[in-house]
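# An overview of the molecular structure
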Amino acid sequence: MATIGDKLVRAMRDLHRGWMDVTPKNVVINKSQHFALRGIKVFTDEHPGTKGATVKDLAKNSSRSPASISQKISALEEHGLVFRTPDEKDKRIVYFHLTEDGEKVHDDIHSQMTGFIDKIIEKLGEDEIIETTARIEKLVKCIQETNAEMMEGIDETD
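Predicted model, so just to flag it, every value in this text is computed and none were measured. Every chain's residues receive numbers from 1 upward, in the order its sequence appears when written. Two thresholds apply to this predicted model, a pLDDT of at least 70 for residue-level local features and 80 or more for giving and counting side-chain atom pairs, whereas whole-chain, interface and lining totals are computed over all residues. The basis for every side-chain value is the complete set of non-hydrogen atoms in the structure, without hydrogens or water.

Here we take up the overall build of the protein. Strands here mean DSSP runs of E at least two residues long; helices mean DSSP runs of H or I at least four residues long; both are numbered from the N terminus. Within the protein, the secondary structure is distributed over 6 helices and 2 strands. Both definitions apply: the radius of gyration is a C-alpha atom measure, and the globule rule equals 2.2 Å times residues to the power 0.38. For 158 residues, the compact-globule estimate of 2.2 N^0.38 gives 15 Å, and the protein exceeds it by more than 25% at 19 Å. For the C-alpha atoms alone, the extent of the protein along its principal axes is close to 60 × 45 × 30 Å. Exposure categories follow from relative accessible area, calculated using a 1.4 Å probe and restricted to protein chains: below 20% of the type maximum is buried, above 50% is exposed, and the middle band is partly exposed. Considering the protein as a whole, with its 158 residues, one finds that 23% of them fall into the buried category. In what follows, a contact means two residues having at least one pair of non-hydrogen atoms within 4.5 Å. The long-range share in the protein, meaning contacts at least 24 apart out of those at least 6 apart in sequence, stands at 52%. For the area figures, the Shrake-Rupley method with a 1.4 Å probe applies, and any residue is considered shielded solely by the protein chains shown. For the protein, the accessible area works out to roughly 11,800 Å², and carbon and sulfur atoms hold 55% of it.

This is how it looks when you write it as structure tokens:
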């Protein structure tokens, strides 16, 4: 018989899998590349005074390593969706921006995902979405706090 802990783990896994299975139609990039594309778009929109998004910026704002981000950006460049601009003073720093085609692909995916979310809200109703969101936020906070507590005192050199 499954414990309450087993049920929680299964529900979180199923939620993650269900979300990851949502795939926009007629898109030239895969989901992980889309997350990188979206990361660049969000970063540049939220930081309009900057020269663009760096790999370090994107890694900091996601759960991905800089190497993983670089790999995804390279694929986006091959598709002509992203371009890079080296820093004038420090050539090791590279800024990324969406091309016009990158903006179009982002907007298309965003539109499809918004439509998908709207259908979920329609099926469940706003009140249930609000309640569910509050519970998920509470669970995420609890996970983060518990993880931080468990990580205290662990020697990172092990």
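We are not done yet, so read on.
Moving on, we get to the pattern of salt bridges. Whenever Lys or Arg places a side-chain nitrogen within 4 Å of a carboxyl oxygen from Asp or Glu, that contact is recorded as a salt bridge. One pass over the full model with this rule turns up 9 salt bridges. We note a salt bridge from Arg92 to Asp90, for which the minimum N-O separation is 3.0 Å. The exposure class assigned to Arg92 is exposed, which follows from its relative accessible area of 74%. Its salt-bridge partner being Glu145, residue Lys141 comes within 4.0 Å of it at the nearest N-O pair. Of this pair, Lys141 and Glu145 both sit in helix α6 (residues 126-151), 4 residues apart, which is roughly one turn of the helix. For Glu145, a relative accessible area of 41% puts it in the partly exposed group.

Before going further, it helps to examine helix α4 (residues 66-78). To estimate the expected span of a helix, count its residues, drop one, and scale the result by 1.5 Å. An ideal rise of 1.5 Å per residue puts 18 Å on 13 residues; α4 measures up with 18 Å between its terminal C-alpha atoms. Where α4 is buried, its residues contact α2 (31-46), α3 (55-60), β1 (82-86) and β2 (94-98). After α4 finishes, the residue Gly80 shows a positive phi value of roughly 75°.

One way to put it is that helix α5 (residues 100-124) packs onto α6 with a least axis distance of 6 Å and a crossing angle of 105°. In terms of axis orientation, α5 runs roughly perpendicular to α6. Only Glu126, Glu128 and Ile129 of α6 make contact with α5, whose side of the interface consists of Ile120, Ile121 and Leu124. Here the residues of the contact of α5 with α6 are counted per class, giving 4 nonpolar, no polar and 2 charged. Lines fitted to C-alpha atoms define the axes here, with helix axes fitted over just the stretch in contact, and angles between the N-to-C directions of these axes take values from 0 to 180 degrees. In what follows, roughly perpendicular refers to angles from 65 to 115 degrees, roughly parallel to angles under 35, roughly antiparallel to angles over 145, and oblique to any angle outside these ranges. Lys, Arg, Asp and Glu make up the charged group, whereas Ala, Val, Leu, Ile, Met, Phe, Trp, Tyr, Cys and Pro make up the nonpolar group; the residues left over, Gly among them, are polar.

On the surface, Trp19, Phe35, Phe116, Ile117, Ile120 and Leu124 cluster together into a nonpolar patch covering about 480 Å² of accessible area. Counting residues per element, the nonpolar patch draws most heavily on α5, at 4 residues. When you line up the elements, Phe116 lands in helix α5. Under the relative-accessibility criterion, Phe116 is labelled partly exposed at 31%. Surface patches are drawn from residues lacking salt bridges whose relative accessible area is over 30%; two like charges belong together within 9 Å, two nonpolar side chains (Val, Leu, Ile, Met, Phe, Trp, Tyr) within 5 Å.

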